[in-house]
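Secondary and tertiary structure notes
What follows is each chain in one-letter form.
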Amino acid sequence: MFNRRKELEQRIQELEKMQKKGYFGGNENNDYLKEVYRYAYQLSEFSDVNNAKLVNYYKNNAVVRGLLGTQIGDTIAEISDYIELVDSNNNTFQHWAMDLLNKPNDLDSKKMFLKGWSVFYNTTGMTFTYFENELGSKKKINSMYNLPSHRIGINSGGWKQPIKSFILEGSISDKLDPTNTMYIREFNPEMDSLFGLSPLQAAANVCELLDTSDKRQLTAISNGSVAGIITPKADEVGVTPDQRDEAEKKFNTIENTNKNIFLPIGIEYIKMGSTPADLSVLETSKNAVTALSFVFGVPIDVFYGQSKYENAKEAKKTIITQAALPRLNLFLEAFTERIRAFDQSFNARGGKFIVNTDKIDILKNSPLDSMALLDKAGASINERREYLGYPRLTAPYADLPVIPLGVSLGDPNNFDINENQ
């Protein structure tokens, strides 16, 4: 995982040692070489994709940043307000673990912590959460932190102990005990790897194409692209070779560089259409957005703004149900098991963290849909009024079921009409 980065770091360290021993002719040359290796360290080739580069996609690519941070991350933070702690009978109760979730550490709030967790998970396919225990006779977790998953290595103890410890990249001494670290990873089909498979890696190829297209567009804007042709204007007899040569000389001779040019002949500007390169840039961007939408379960209409106002609610519901809820439930399940292993009283009560989706307004049925269901169920007038928030009626008929005409109650095998009579 870190082979490329370790090689470059090793070369930088070797250069620093040689600089100290005076093996180089000058510090300027040595600093230049170190900068070359640092540049290669940051911009490794696509064939050597690693978690650090995937994080760079999030940091530098507007589409990836908007998808993982704004669309999914902010939605997870939003629905975290509906997290509840319930026992085996689905009754809510108070526990210090809920306080820990609401205030994970001195820097993060619950929303910030869960958004950060989701960004790491969606970017690298794995997350590392470190717990600090409170000192004292009563066992309690004091705080928890999101660790940078792209900077964590795994020290394996063999097949009997796959994970012996976690190691912060660049420091062999900073080892993290698995008992204090909650490790969640995406399923990895490479069974010989202990790391999770990044969802973003599945779309990394088109992400790179998107970056390439953006750079091409910026280059065209900065340097100017071939958008037209300047040529001598033809008169009644056309354009003579001498006229063409004279115009070319006026434009291209070094003596006329950065000078205002007055030509003795008329000039015509012929505007060109979109070049194939320009069209490929647009197609590349669409392909990247489509791939990212497919991988993370977000409607593509969200990116292109094709959803009309009345469909915005449906797009939001899709983001919640297909992208935000599954990932938040994954965290809550792992967090529940961690607290159960730490606190036996919590385990005895069957405690678990859930998202109460019944309280999320956007997931509720519309009043018209609910009224249609009440109508089919033959609900009474008071039952319908209660649903709409109106006071009950005191008349006896208001509590009777409302049965549509042509519908009868009772045994369907008993007929009202006897055809033999």
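In case you missed it, the structure is sitting above this.
This text gives an overview of the structure that appears in the document. (Residues numbered from 1 in each chain as written. Predicted model: local features only at pLDDT ≥ 70, side-chain atom pairs only at ≥ 80, totals over all residues. Heavy atoms only, no water.)

**Some remarks on the packing of aromatic side chains**
Short version of the rule: Aromatic rings from Phe, Tyr and Trp, with only the six-membered ring used for Trp, were paired whenever their centres fell within 6.5 Å, and each pair was classed as stacked if the ring planes differed by under 30 degrees, edge-to-face if by over 60, and tilted otherwise. Put simply, DSSP marks the helices as runs of H or I at least four residues long and the strands as runs of E at least two long, and each gets a number from the N terminus on. Between buried and exposed lies partly exposed: a residue is buried under 20% and exposed over 50% of the maximum accessible area for its type, with that area taken using a 1.4 Å probe on protein chains only.
For the coordinates displayed, the defined rule picks out 11 aromatic pairs. Here the aromatic rings of Trp-117 and Tyr-121 are separated by 5.4 Å at their centres, their planes lie at 5 degrees, and the arrangement is stacked. With Trp-117 and Tyr-121 both in helix α6 (residues 110–124) and 4 residues apart, the pair spans about one turn of that helix. The pair formed by Trp-117 and Tyr-121 is uniform in burial state, with each residue classed as buried. An angle of 25 degrees between the planes, with centres 6.1 Å apart, marks the rings of Phe-346 and Phe-353 as stacked. Taking the relative accessible area as the measure of exposure, Phe-353 reaches 5% and is therefore buried.

**Describing the pattern of salt bridges**
Going by this rule: Note on definitions: salt bridges are taken to be side-chain nitrogens of Lys or Arg within 4 Å of carboxyl oxygens of Asp or Glu.
In this structure the tally under the stated criterion is 8 salt bridges. A salt bridge links Asp-81 to Lys-111; its shortest N-O distance comes to 3.0 Å. In this pair, Asp-81 sits in the loop between α4 (62–79) and β1 (83–86) while Lys-111 sits in helix α6, placing the two residues 30 residues apart along the sequence. When the shortest N-O distance is used, the salt bridge between Arg-392 and Glu-386 registers 2.6 Å.

**What to know about a nonpolar patch on the surface**
Basically, it comes down to this: Patch building starts from residues that exceed 30% relative accessible area and form no salt bridge, then joins like charges within 9 Å and nonpolar side chains (Val, Leu, Ile, Met, Phe, Trp, Tyr) within 5 Å. Here the Shrake-Rupley method, with its probe set to 1.4 Å, supplies the accessible areas, and only the displayed protein chains count as covering residues.
A contiguous nonpolar surface patch, about 420 Å² in accessible area, is contributed by Ile-381, Leu-393, Tyr-397, Leu-400 and Val-402. Looking at the secondary structure, you find Leu-393 in the segment after α15 (381–388).

**Here we look at the packing of α4 against helix α12 (residues 312–342)**
Our working definition: The axes used here are C-alpha line fits, helices contributing only the stretch in contact, and every angle between their N-to-C directions lies in the interval 0 to 180 degrees. Geometric relationships in this document are graded by angle, where less than 35 degrees denotes roughly parallel, more than 145 denotes roughly antiparallel, 65 to 115 denotes roughly perpendicular, and other angles denote oblique. Contacts are assigned to residue pairs with any non-hydrogen atoms lying within 4.5 Å of each other. Residue polarity is assigned by list, with Asp, Glu, Lys and Arg as charged and Ala, Val, Leu, Ile, Met, Phe, Trp, Tyr, Cys and Pro as nonpolar; anything else, Gly included, falls into the polar class.
Packing of α4 against α12 brings their axes to within 9 Å, and their N-to-C directions diverge by 75 degrees. Between α4 and α12, the angle falls in the class roughly perpendicular. Residue-level inspection shows Gln-71, Ile-72, Thr-75, Ile-76, Glu-78 and Ile-79 of α4 in contact with α12, the latter providing Lys-316, Ile-319, Ile-320, Ala-323, Ala-324, Leu-325, Arg-327 and Leu-328. When its residues are assigned to classes, the contact of α4 with α12 shows 9 nonpolar, 2 polar and 3 charged.

**Some thoughts on the packing of helix α3 (residues 51–60) against α4**
Packing of α3 against α4 brings their axes to within 5 Å, and their N-to-C directions diverge by 90 degrees. As far as their axial angle goes, α4 and α3 are roughly perpendicular. Between α3 and α4, the contacting residues are Tyr-57, Tyr-58 and Asn-60 on the first element and Ala-62, Val-64, Arg-65, Leu-68 and Gly-69 on the second. Of the residues that constitute the contact of α3 with α4, the class distribution is 5 nonpolar, 2 polar and 1 charged.

**Focus: the environment of Lys-352**
Examined against the element boundaries, Lys-352 turns out to sit in strand β10 (residues 352–355). For Lys-352 and Ser-88, which are 264 residues apart along the polypeptide, the C-alpha to C-alpha distance reads 8.0 Å. When residues no more than four places from it in sequence are discounted, the contact partners of Lys-352 are Glu-84, Leu-85, Val-86, Asn-90, Thr-336, Arg-340 and Phe-346.

**A look at unusual backbone geometry**
In this structure, Asn-90 is a non-glycine residue whose phi angle is positive, near 65 degrees. With respect to the helices, strands and loops of the structure, Asn-90 is situated in the loop between β1 and α5 (96–102). Assessed through its relative accessible area of 53%, Asn-90 is described here as exposed.

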